[in-house]
Amino acid sequence: MIRAFGKRRAIAVALAVRHPEMAVGLVFLSPAVYPWPGGVAWYYQAARSPITGRLFSALIAPPLGLLAIDRATKEVFAPNSPPPRYIEKVAGKNRDLKSKARVLEKWIAGALRARSP
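Worth saying up front: this structure is predicted, and the values here are computed from it rather than measured.

Chemist: Whenever I open this one, the packing of aromatic side chains confuses me. Can you help?
Modeler: Geometrically, a pair of aromatic rings is defined through the distance of the ring centres and the angle of the planes. Using the criterion set out here, one finds 4 aromatic pairs in the structure. On the basis of an interplanar angle of 40° and a centroid distance of 5.1 Å, the ring pair of Tyr43 and Tyr44 is categorised as tilted. Look at Tyr43 and you get partly exposed, because its relative accessible area is 34%. Tyr44 gets classed as buried once you look at its relative accessible area, which sits at 19%. Judged by centre distance (4.9 Å) and plane angle (80°), the rings of Phe77 and Tyr86 are edge-to-face. The structure contains a cluster of three or more aromatic residues connected by ring pairs, namely Trp42, Tyr43, Tyr44 and Phe56.

Chemist: What's the story with the confidence of the model for the protein chain in this structure? I'm lost.
Modeler: Detailed reading of the predicted model is not advised wherever pLDDT is low. Chain-level statistics for the protein chain give a pLDDT mean of 76 and a share of 66% at 70 or above. Per-element confidence in the protein chain ranges from a low mean pLDDT of 66 for helix H5 (residues 97-115) to a high of 86 for helix H2 (residues 42-48).

Chemist: How do you make sense of the pattern of salt bridges when you look at a structure like this?
Modeler: Close approach of charged atoms allows side chains of opposite charge to pair. Scanning the model with the defined rule gives 1 salt bridge in all. One salt bridge connects Arg71 with Glu75, and the closest N-O pair in it is separated by 3.2 Å. Of this pair, Arg71 and Glu75 both sit in helix H3 (residues 53-77), 4 residues apart, which is roughly one turn of that helix. The two residues Arg71 and Glu75 agree in class, both being exposed.

Chemist: Explain a nonpolar patch on the surface to me, please; I cannot follow it from the model alone.
Modeler: A contiguous nonpolar patch, built from Trp42, Tyr43, Leu55, Leu59, Ile60, Leu64 and Leu67 and spanning about 780 Å² of accessible area, is present on the exposed surface. Elements that contribute at least two residues to the nonpolar patch include exactly H2 and H3. Broken down by element, the nonpolar patch gets its largest block of residues, 5 residues, from H3. Given a relative accessible area of 41%, Ile60 falls into the partly exposed group.

Parameters and conventions
Residues numbered from 1 in each chain as written. Predicted model: local features only at pLDDT ≥ 70, side-chain atom pairs only at ≥ 80, totals over all residues. Heavy atoms only, no water. Phe/Tyr/Trp six-rings, centres within 6.5 Å; stacked < 30°, edge-to-face > 60°. Buried < 20%, exposed > 50% of the residue type's maximum accessible area, 1.4 Å probe, protein only. pLDDT = per-residue confidence, 0-100. Helix = DSSP H or I, 4+ residues; strand = E, 2+ residues; numbered from the N terminus. Salt bridge = Lys/Arg side-chain N within 4 Å of Asp/Glu carboxyl O. Patch = residues over 30% accessible without salt bridge, like charges linked within 9 Å, V, L, I, M, F, W, Y side chains within 5 Å. Areas by Shrake-Rupley, 256 points an atom, 1.4 Å probe, with all protein chains shown as cover.

Quick look at the structure:
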């Protein structure tokens, strides 16, 4: 049995694909397994920039995020409704766009390496 959380899931998948004799099966809880249409959003690239990323993350992203959060949350949960007070509970925990952009870049790079033979 291979158990992995967070960024280590890509490693677990790569291990199972390359060495099927070591894994009887994989169980995914809330995985990202389907193609992501459209690629990574433009604002992750802007936040990742070494020169302007800090300014973008501190001055531009927060007000733009507040304008888009209601619509984006409804789209994520569609066709269901978001849980009560979801935005108030979660939005305060995800303030650092620059670090999220770095994590996303590493995760994607790891997933692409795992798929390469």
